[in-house]
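# Overview (structure and organization)
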Amino acid sequence: MADHALDAAHDHDSHDHKPHGWRRWVYATNHKDIGTMYLVFACTMFFIGGAMAMVIRLELFKPGMQFVDPQLFNSMTTMHALVMIFGAVMPAWTGLANWMIPMQVGAPDMALPRLNNFSFWILPFAFTLLLSSLFVPGGAPAGGWTMYPPLVLQNGASFPMLIFSIHMMGASSILGAINVVVTIMNMRAPGMTLLRMPLFVWTWLITAYLLIAVMPVLAGAVTMLLTDHFFGTTFFTAAGGGDPVMFQHIFWFFGHPEVYILILPAFGIVSEVIPTFSRKPLFGYEAMVYAVASIAFLSFIVWAHHMFTVGMPLAAQLFFMLSTMLIAIPTGVKVFNWTATMWKGSLSFEPPMLFALAFLFLFTIGGFSGLMLAIVPADYQYQDTYFVVAHFHYVLVPGAVFGIMAGVYYWLPKWTGHMYNVRLANWHFWLSTIFVNVLFFPQHFLGLAGMPRRIPDYAVQFTDWNMVSSIGAFGFGLSQLLFPLLIWQCVRSGAKVGNRAWEGAHGLEWELPSPPPYHSWTEAPSDALIARGASH
Amino acid sequence: MSDRQRANRTLLWKLLAFAAGAFGFGFALVPLYSVLCSVTGYGDQTQLQRKAAVAREHPDLNRTVTVEFLTSVASAGEWEFRPVVRKVQVHPGQLFTAEFFAHNMTGRNQVAQAVPNIAPSSVAAYFHKTECFCFSPQKFTAGEARQMPVRFIVDPALPEHVELITLAYTFYDESSRVTAR
C-alpha cells in the first residue's frame, strides 16, 4: 500500500523538469543522466584502450618486428594504460556512483549537481587532448604511463599535452569525489546511519577520500615535470641538485592509493551481489567496512614496493616489504567473508553472480602474485618483467573490470526497467572468463622466464606463450563487443521487471520503481524501508 | 539557501581546501625527503658527502709523485694524439688538470673515444679522475684539432712505495671499431 502511494508520487514527479534533446545532456544536472554519460564515456574509452592493447598483442604475436615501429609500440603501452585507468575504470566507477549512491542512501540527487556536470564534461576534453597527441610530431607519450623523468621529458610536442590532460583528469576526479563525499555525508535519509549504508556506498566513501588525498599529489608531480621542462626548475634534474628518483617516490605516493581507488568500489559491488544471489545477508558487514578502511590506510605506507630496485637502504626495503604484506590480512578478511556469505546459501548463478564469483577467484590469484612481488629478493627478479604485467592485469581486468561488469549486470534491469538477454550475458561471461585467463595466465610464465615488459620484440624461446596470450587477447577483445550490444538491446526492449529485479536483493534502490523516477527520493524513505534494505 | 545547501557548501569548501593541501603536500615531499635522508643517512647522503670531501683539495705538500702520460692510436697515420705535457709532478690530494691534443687526419667526420689504462694497476683505486674526455665519445670534423682536459686527484692514501703512476690512453675511432668487429 505504502509502496503504491510512493510510486504514484514519483510518477507524478518524474514527468516534469526534464529537458529534451542535446540540452538534457550538455546542461545535465540529474544524477542519472550524468551517471549514464560517465558510463557511456567509460565504455567508449574501454574500446579505444582495448584497441591499443590489440596492437600490442598483435606485435607480440611473433618474435621480430611485424606491424609497428618501436616508438609506436611504446606509445601504445603508455596510452593503453592512461586510457584504461583514467578513461575507462575511474569514470565507470564515478558513473556507477552517480547512478547508485543517491538511490542507495535515500537522496533525491547528488549534493552538488552543477559541479557534477562540470566534473563530467572536463573528461571528453581531457581525453581529446590526450588522444590527439597521437597525431603530433614525435608521436604520443611513449615513456610509460608512470612518466618517469628524464625519459618523459624527451617526448616532444606530446609532453605538455600529456601533462595538461593529466591535470584535467585529476580535476575531474577530485570534483567527482568531493561530490560523492558531500552526498554521502549530508544527503542520507534520516535513519540511514553510517553503519546501515550498503557496502558500495561505504567503499565509494573511502575511495573518494583516497582520491581527494592523492590526485592532487599526482597533479603536483606532473606540474614539477612541466616546470622542469619549460621553466628551468630542477626538481628531478641531477645537474641542478634534483633527483629523478624523487619523482618515483612522489608518483607512487599517488600510485599505490590509486590502485585501491580502482579496486575498492569493486569490493563494494561484490559485497552486494554475492549476498543477493546467496540469499543470505553479507557475512561480517562491520568487518568488511573496517577491512576496507584499513586497506585504504595501509595503501599510504607501501608505495616504495613499486621501486625496490632503485637503490634503497635495507631498513626501508624491509619496512615496505612488511607493510605491503600486511595488506593481505584485511584483504584475506574480505575474501573469507565473501566465501562465508555463500556458505550454506541458496545460490543461483545469474550473470552478476557469475562475474562476482570470477572476481573472487581471479582477483585472489592477482593478490597472490602481488604477495610474491612484495618479497624484496624475489622482486629483484620479477621487476619489469611480464610477471608484473600478469599480476596487475589479474587485479585490474578480472578484478576491477569484472567488478564493473557485475555492477552493470546487477543494476541494468533497475536502470532500464527491462531484463537483459541473460543467455547473451552468459556468453559474454564465459567467453570473457576463459579468454582473460588464456590472455594473462601465460604471462606469469613469460615473466618468470625473464621476458621484459614494454619491449616490442622478444627472444624466440618466449614465442609459444606469447602466441597463446595474443590469441587470448583477440578472443577477449572480440567478446567484449557483446557488452554494448546487450546493453543497447536492454535499453530498447526486454521483459519488464518489478521494483525488486532480483528477488534476493536488498537495499533502498530496489524499493524504487524500475526504471526509477527522474529524481530518486524526493520524499525521504521511511525508517521501515531503510531497515528492510539494511538487512545485514 | 536551505540549511542542507549551506551544509553542502561548507563541506565542499572544506574538501577543496583538503585537496589544495594535498597539492601542496606533493611539493612538500621534496624537502621532506631530503630531511628524512639527512636525518637517517638513507639514500647514502653521508657517503656522497664523504666522496665529495675527497674531491676537496687537501694536498700533502711533503710528498711528490710523478704522473706520466702515454698515448697510442689504434690506426697509425690517421690521428695525431699526444699529451701536451709528458710528465708532471703532483702532490697527493691536489686537483690537477692535464691537456691532451688530438688531430683528426682521416679526412672524414669522426667520433672517437679514448680508453684509459693506469699502471701499476693496483694504483687505479687511488687515481680519481673527476672529469675526463675519455668519459664520453668525442666528435671531430674532418681535419679538426683540439685539446681535451682530464682532471684528476691522486688519493693521499696512496701507498708509500709508489712514486710513479702511468696513465695511458688508446684512441679509437669509429672505423677501428668496425674493423675490430
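Bear in mind that the values here come from a model prediction, so they are computed numbers and not experimental data. Per-chain numbering applies: the sequence of each chain, read as written, is numbered from 1 onward. Think of it this way: whatever chain is written first is A, whatever ligand is written first is 1, and the rest follow in order. A pLDDT threshold of at least 70 governs which residues receive local features in this predicted model, and a stricter bar of 80 or more applies before side-chain atom pairs are shown or counted, although totals over entire chains, interfaces and linings include all residues. For side-chain calculations, the full set of non-hydrogen atoms in the structure is used, while hydrogens and water are omitted.

### A closer look at the overall build of chain B
Note the following rule: Helix and strand labels come from DSSP, where a helix needs a run of H or I of at least four residues and a strand needs a run of E of at least two; each type is numbered from the N terminus. Burial classes follow relative accessibility: with a 1.4 Å probe on protein chains only, a residue under 20% of its type's maximum area counts as buried, one over 50% as exposed, and anything between as partly exposed. Any two residues whose heavy atoms approach within 4.5 Å are treated as being in contact. Method for areas: the Shrake-Rupley scheme with a 1.4 Å probe, in which residue coverage is limited to the protein chains shown.
Looking only at helices and strands, one finds three helices and nine strands in chain B. A buried classification covers 30% of the 181 residues belonging to chain B. Restricting the contact set of chain B to residue pairs at least 6 apart, pairs at least 24 apart contribute 73%. Entry remark: accessible area of chain B is about 10,600 Å², with carbon and sulfur atoms responsible for 57%.

### Concerning the overall build of chain A
The test is simple: Taken over C-alpha atoms, the radius of gyration is set against a globule rule of 2.2 Å times the number of residues to the power 0.38. Under this rule, positive means Lys or Arg and negative means Asp or Glu; His and the chain ends count for nothing. Taken as the charge centre is NZ of Lys, CZ of Arg, CG of Asp or CD of Glu, depending on the residue.
Counting its secondary structure elements, chain A contains 18 helices and zero strands. What you see for chain A is a C-alpha radius of gyration of 23 Å, in line with the 24 Å of a compact globule of 536 residues. Seen through its C-alpha atoms, chain A measures out along the principal axes to roughly 75 × 50 × 45 Å. Counting every position in chain A, which comprises 536 residues, the buried fraction comes to 61%. Considering only intrachain contacts with a sequence separation of at least 6, the fraction spanning at least 24 residues in chain A is 82%. Split by element, the accessible area of chain A, about 19,600 Å² in all, is 71% carbon and sulfur. Across chain A, the mean location of the 21 positive side-chain charges is 6 Å away from that of the 24 negative side-chain charges.

### Comments concerning the packing of aromatic side chains
The condition that has to hold: Pairs were defined over the aromatic rings of Phe, Tyr and Trp, the Trp ring being its six-membered one, requiring ring centres within 6.5 Å. Orientation was assigned from the angle between planes: stacked under 30 degrees, edge-to-face over 60, tilted for the rest. By the criterion adopted, a ring carries a charge over it if an Arg CZ or a Lys NZ lies within 6 Å of its centre and within 35 degrees of its normal.
A complete count under the given rule lists 62 aromatic pairs over all chains for this structure. Summarising the aromatic geometry, the rings of Phe120(A) and Trp121(A) are spaced 5.0 Å apart at their centres and angled 80° between planes, so their arrangement reads as edge-to-face. Across the ring face of Phe140(B), the terminal group of Arg146(B) is positioned such that the distance to the ring centre comes to 4.2 Å.

### What about the pairing of strand E5 (residues 110-119) of chain B?
All names here are of chain B. Which entries qualify depends on this criterion: Strands are labelled as partners when DSSP assigns at least two bridges between them.
Direction of pairing for E5 relative to strand E7 (residues 138-140): antiparallel, over a ladder of three bridges. The residue bridging glutamine 110 from the neighbouring strand is phenylalanine 140, located in E7. Taken together, the eight bridges between E5 and strand E9 (residues 164-173) define a ladder with antiparallel strand orientation. Pairing of alanine 119 across the sheet is with threonine 166, part of E9.

### Quick look at the interface of chain B and chain A
The criterion, for reference: Buried area is a sum: the accessible area each of two parts loses on coming together, probed at 1.4 Å, counted once for each and added. In the analysis that follows, any N or O atom pair within 3.5 Å is treated as a polar contact, provided that within protein one partner can donate a hydrogen and the other can accept it, and provided that, for residues neighboring in sequence, both atoms belong to side chains. Amino acid classes used here: Ala, Val, Leu, Ile, Met, Phe, Trp, Tyr, Cys and Pro are nonpolar; Asp, Glu, Lys and Arg are charged; the rest, including Gly, are polar.
Residue-level contacts link 19 residues of chain B with 30 residues of chain A. Considering only the side of chain B, the residues that lose the most area to chain A are Asn8(B), Leu15(B) and Tyr33(B), jointly responsible for 25% of the buried surface there. Summed over the shared surface of chain B and chain A, the number is four residue pairs in polar contact (both at pLDDT 80 or more). The residue makeup of the side of chain B that touches chain A, split by class, is 15 nonpolar, three polar and one charged.

### A few points about the packing of helix H4 (residues 70-105) of chain A against helix H7 (residues 199-230) of chain A
How two helices pack is summed up by the angle between their axes together with the distance between the axes. All names here are of chain A. For clarity, the cut-off: Axis lines are fitted to C-alpha atoms, over the contacting stretch for helices. Their N-to-C directions set the angle, which ranges from 0 to 180 degrees. Each angle receives one of four descriptions, namely roughly parallel if under 35 degrees, roughly antiparallel if over 145, roughly perpendicular if within 65 to 115, and oblique otherwise. Two helices cross in a left-handed way if the nearer one is turned anticlockwise from the farther one by less than a right angle. They cross in a right-handed way if the turn is clockwise.
It is at 11 Å that the axes of H4 and H7 come closest, and there the two elements cross at 135°. Judged by the angle between their axes, H4 and H7 are oblique. Judged by the twist between their axes, the crossing of H4 over H7 is left-handed. The segment H4 lies against H7, with Phe86, Met90, Trp93, Thr94, Leu96, Ala97, Met100, Ile101, Gln104 and Val105 engaging Phe200, Val201, Trp204, Leu211, Met215 and Leu218. Tallied by class, the residues present in the contact of H4 with H7 amount to 14 nonpolar, two polar and no charged.

### Let's talk about helix H6 (residues 158-186) of chain A
As a reminder of what qualifies: Here the expected length of a helix is defined as 1.5 Å per residue gap, with one fewer gap than residues.
Over its 29 residues, H6(A) runs 42 Å from end to end, which matches the ideal 42 Å to within 8%, given 1.5 Å per residue. Across the 29 residues of H6(A), 22 count as buried, placing the element largely inside the fold.

### Some remarks on the state of the cysteines
Threshold: Throughout, a disulfide means two cysteine sulfur atoms within 2.5 Å of one another.
Counting across every chain of the model gives one disulfide over all chains. Each sulfur in the disulfide pair Cys132(B) and Cys134(B) lies 2.2 Å from the other. For the disulfide bridge between Cys132(B) and Cys134(B), the dihedral angle about the S-S bond is near 130°, and by the sign convention the bridge is right-handed. Residue Cys134(B) is classed as buried on the basis of its relative accessible area of 7%. Unpaired in this structure, Cys43(A) has its nearest cysteine sulfur neighbour in Cys490(A), at a distance of 14 Å.

### Observations regarding the confidence of the model for chain B
Applied cut-off: The pLDDT value expresses, per residue, how confident the predictor is, ranging between 0 and 100.
Of all residues in chain B, 86% have pLDDT values of 70 or greater, and the mean over the chain is 84. Across the whole predicted complex the pTM is 0.81, and at the interface the ipTM reaches 0.85.

### Notes on the side chain of Ser278(A)
Looking at the element boundaries, Ser278(A) is found in helix H8 (residues 244-278). If near-sequence neighbours (up to four positions away) are discounted, Ser278(A) is found in contact with Thr341(A), Met342(A), Gly345(A), Ser346(A), Leu347(A) and Met353(A).

### Some remarks on the sheet that holds strand E8 (residues 145-154) of chain B
Residue and element names in this part refer to chain B. Reading across the sheet, the four strands line up as E2-E4-E8-E6 and stay open at both edges, with antiparallel pairing between neighbours. Strands at the two margins of the open sheet, each flanked by one partner only, are strand E2 (79-83) and strand E6 (127-132). Here the strands of the sheet are splayed against their neighbours by 25° on average, with no regard to which way each runs. In terms of strand pairing, E6 meets E8 through five bridges, oriented antiparallel.

### Remarks on the nonpolar core
Defined as follows: Among the buried residues, those of types Ala, Val, Leu, Ile, Met, Phe, Trp, Tyr and Cys that are joined through side-chain atoms within 4.5 Å form a nonpolar core.
Counting 189 residues, the largest nonpolar core has Phe86(A), Phe127(A), Met147(A), Ile250(A) and Trp415(A) as its most contacted members. Residues contacting Phe86(A), with those up to four places away along its chain left out, are Pro91(A), Phe127(A), Trp145(A), Ile166(A), Met169(A), Met215(A), Leu218(A), Phe254(A) and Glu258(A). In this structure, Phe100(B), Ala112(B), Ala114(B) and Val123(B) belong to the second largest nonpolar core, which totals 29 residues.

### Notes on the environment of Val245(A)
Mapping Val245(A) onto the fold places it in helix H8. A residue is classified by how much of its surface remains accessible, and Val245(A), at 24% relative accessible area, is partly exposed.

### Re helix H16 (residues 463-479) of chain A
All names here are of chain A. Counted at 1.5 Å a residue, the expected span for H16 with its 17 residues is 24 Å, and the 24 Å between its end C-alpha atoms agrees. Taken together, the buried positions of H16 are Thr463, Asn466, Ser469, Ser470, Gly472, Ala473, Gly475, Phe476 and Ser479. Contact partners of the buried residues in H16: helix H3 (31-59), helix H14 (386-416), helix H15 (422-448) and helix H17 (482-492).

### What about the side chain of Thr207(A)?
Its place among the elements puts Thr207(A) in helix H7. Among the polar contacts made by the side chain of Thr207(A), one reaches the main-chain carbonyl oxygen of Thr203(A) at a distance of 2.6 Å.

### Some points on the environment of Gly156(A)
Relative to the elements of secondary structure, Gly156(A) occurs in the loop between helix H5 (113-132) and H6. Expressed as a C-alpha distance, the spacing of Gly156(A) and Gly139(A), which sit 17 residues apart in the sequence, is 7.7 Å.

### Observations regarding the sheet that holds E7(B)
Residues and elements named next belong to chain B. Strand order in the open sheet formed by five strands is E3-E1-E9-E5-E7, and the pairing between neighbours is mixed. Of all strands in the sheet, those bounded by a partner on one side alone are strand E3 (87-90) and E7. Direction aside, neighbouring strands of the sheet carry axes that sit 30° apart on average.

### Things to note about the pattern of salt bridges
Residues and elements named next belong to chain A. The criterion, for reference: Salt bridges are defined as contacts in which a side-chain nitrogen from Lys or Arg sits within 4 Å of a carboxyl oxygen from Asp or Glu.
Evaluation of the coordinates by the stated rule reveals nine salt bridges over all chains. The partner of arginine 24 in a salt bridge is aspartate 33, and the shortest N-O contact between them spans 2.7 Å. The exposure class assigned to arginine 24 is partly exposed, which follows from its relative accessible area of 22%. One salt-bridge network, held together by shared partners, links Arg500, Glu511 and Arg532.

### Some points on the packing of helix H10 (residues 314-326) of chain A against helix H11 (residues 328-342) of chain A
Residue and element names in this part refer to chain A. Put simply, H10 and H11 touch, their axes get as near as 5 Å, and they point 15° apart. By the angle between their directions, the pair H10 and H11 is classed as roughly parallel. Contacts between H10 and H11 involve Thr324, Met325 and Leu326 from the former and Ala328, Ile329 and Pro330 from the latter. For the contact of H10 with H11, the class distribution of residues is five nonpolar, one polar and no charged.

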